[in-house]
Amino acid sequence: MASDTHRRSGVSPQIRRVVTGHDANGRAVFASDAAPPRTDVFRSIPGMVSRLVWSTPGRPTVPFDGKDPTGTLSAMVPTPGQSRFLVITFPPDSVYGAPSFNPAAAAAENLRVSPGLAERFEPDGMHQTPTIDYVILLDGEIWLELDDGQALCLRPLDVVVQNGTRHAWRNRSDAPATLAVVLIGADEIKK
């Protein structure tokens, strides 16, 4: 059941994922029409929902072979050429300051839900991945913070191309914010 916060904002933890493919004659068909199999509603962070919608290997192929790539995925950060498509709902930052908030439980749950990504988080939420990310704010309002406190407020349909920079998402509002994010693994050039 959706939380009161999600009901008020119109954001549901569940999304619909439609996947196309081909039948035996090569005609386009709907291969799947259901919720993504990996939807994690955080218990230790009220209002936080992470949905892994799809992933691709380094060299994806078509036609779709019918095997859902999300169920067995072990790392959320793609290697060069791979991709991950997520829809993430962030609760207001006030959740983290609530007396009942347990940072250790939240960190442990994040490690379970987002292996390979959670380990990259600094205590203040800043993180950096070797990826190029395409981000679209679907609902709510969220701040993108970069080094030295540089920040921009994003509103629905604002788009960010994140080029492997250190950043954090800050929801300074009193309602959830939902982002659609495609991470594309990139080769990292060390300076």
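Here the structure is a predicted model, which means the values were calculated and not measured. (Residues numbered from 1 in each chain as written. Predicted model: local features only at pLDDT ≥ 70, side-chain atom pairs only at ≥ 80, totals over all residues. Heavy atoms only, no water.)

Side note on the confidence of the model for the protein chain
Per-residue confidence for the protein chain averages 91 on the pLDDT scale, and 93% of its residues sit at or above 70. The model gives residues 1-10 a pLDDT under 50, and that stretch makes 12 contacts with residues more than four places away or in other chains. (pLDDT = per-residue confidence, 0-100. Contact = heavy atoms within 4.5 Å.)

Details of the sheet that holds strand E8 (residues 151-154)
Pairing within the open sheet is antiparallel, and its three strands lie in the order E8-E7-E10. Of all strands in the sheet, those with a lone pairing partner are E8 and strand E10 (168-170), marking the two edges. Each strand axis lies, on average, 25° off the axis of its neighbour in the sheet, ignoring direction. As paired strands, strand E7 (residues 142-145) and E8 are joined by four bridges and run antiparallel to one another. Residue pairing for E8: Ile142 is matched across the bridge by Leu154. (Pairing = 2+ DSSP bridges. Helix = DSSP H or I, 4+ residues; strand = E, 2+ residues; numbered from the N terminus. Axes fitted to C-alpha atoms, helices over the stretch in contact; angles between N-to-C directions.)

Digging into the packing of aromatic side chains
In the structure shown here, the tally under the stated rule is two aromatic pairs. Ring centres of Tyr96 and Phe101 lie 5.3 Å apart, and the angle between their planes is 80°; on these two criteria the pair is classed as edge-to-face. By relative accessible area, Tyr96 is classed as partly exposed at 35%. We note Arg172 situated over the ring of Trp143; from NZ or CZ to the ring centre the distance is 4.4 Å. (Phe/Tyr/Trp six-rings, centres within 6.5 Å; stacked < 30°, edge-to-face > 60°. Buried < 20%, exposed > 50% of the residue type's maximum accessible area, 1.4 Å probe, protein only. Lys NZ or Arg CZ within 6 Å of the ring centre and 35° of its normal.)

Examining the environment of Ser94
Examined against the element boundaries, Ser94 turns out to sit in the loop between strand E5 (83-90) and helix H2 (103-113). Look at Ser94 and you get exposed, because its relative accessible area is 53%. Taking C-alpha positions, Ser94 is 36 Å from Val19, a pair spaced 75 residues apart along the chain.

As for the pairing of E7
Hairpin remark: E7 followed by E8, antiparallel, with five residues in the connecting loop; positive phi at Asp148, about 60°. Where E7 and E10 come together, three bridges link them in antiparallel fashion. Of the residues in E10, the one forming a bridge with Leu144 is Trp169.

Focus on the sheet that holds strand E6 (residues 131-139)
Reading across from one edge, E3-E4-E5-E11-E6-E9 is the order of the six strands in this open sheet, with antiparallel pairing throughout. Whereas interior strands pair on both sides, the edge strands pair on one side only; in this sheet they are strand E3 (38-41) and strand E9 (159-163). Mean inter-strand twist for the sheet, computed between neighbouring axes without regard to direction, equals 20°.

Focus: unusual backbone geometry
The omega torsion of the bond from Val62 to Pro63 falls at 10°, within 30 degrees of zero and hence cis. Structurally, Pro63 is set in the loop between strand E4 (49-56) and E5. Although it is not a glycine, Asp148 sits at a positive phi angle of roughly 60°. Within the element layout of this structure, Asp148 appears in the loop between E7 and E8. For Leu157, which is not glycine, the phi torsion reads 75° and is therefore positive. Within the secondary structure, Leu157 sits in the loop between E8 and E9.

Here we look at the pairing of E4
Here is the key point about a regular strand: its side chains alternate between the two faces of the sheet. The buried fraction of E4 amounts to six of the eight residues, a majority that puts the element mostly inside the structure. Both E3 and E4 contribute to a ladder of four bridges, which runs antiparallel. For Asp40, the partnering residue across the bridge sits in E4 and is Ser50. Where E4 meets E5, seven bridges bridge the pair, whose relative direction is antiparallel. Within E5, the residue paired with Trp54 across the bridge is Phe85.

Some remarks on the environment of Ile142
Relative to the helices and strands, Ile142 resides in strand E7. Given the relative accessible area of 0%, Ile142 is considered buried. Taking the C-alpha atoms as reference points, Ile142 and Gln162, separated by 20 residues in sequence, lie 15 Å from one another. Setting aside residues no more than four positions away along its own chain, Ile142 makes contact with Phe90, Leu137, Leu152, Cys153, Leu154, Trp169, Arg170, Asn171, Ala177 and Leu179.

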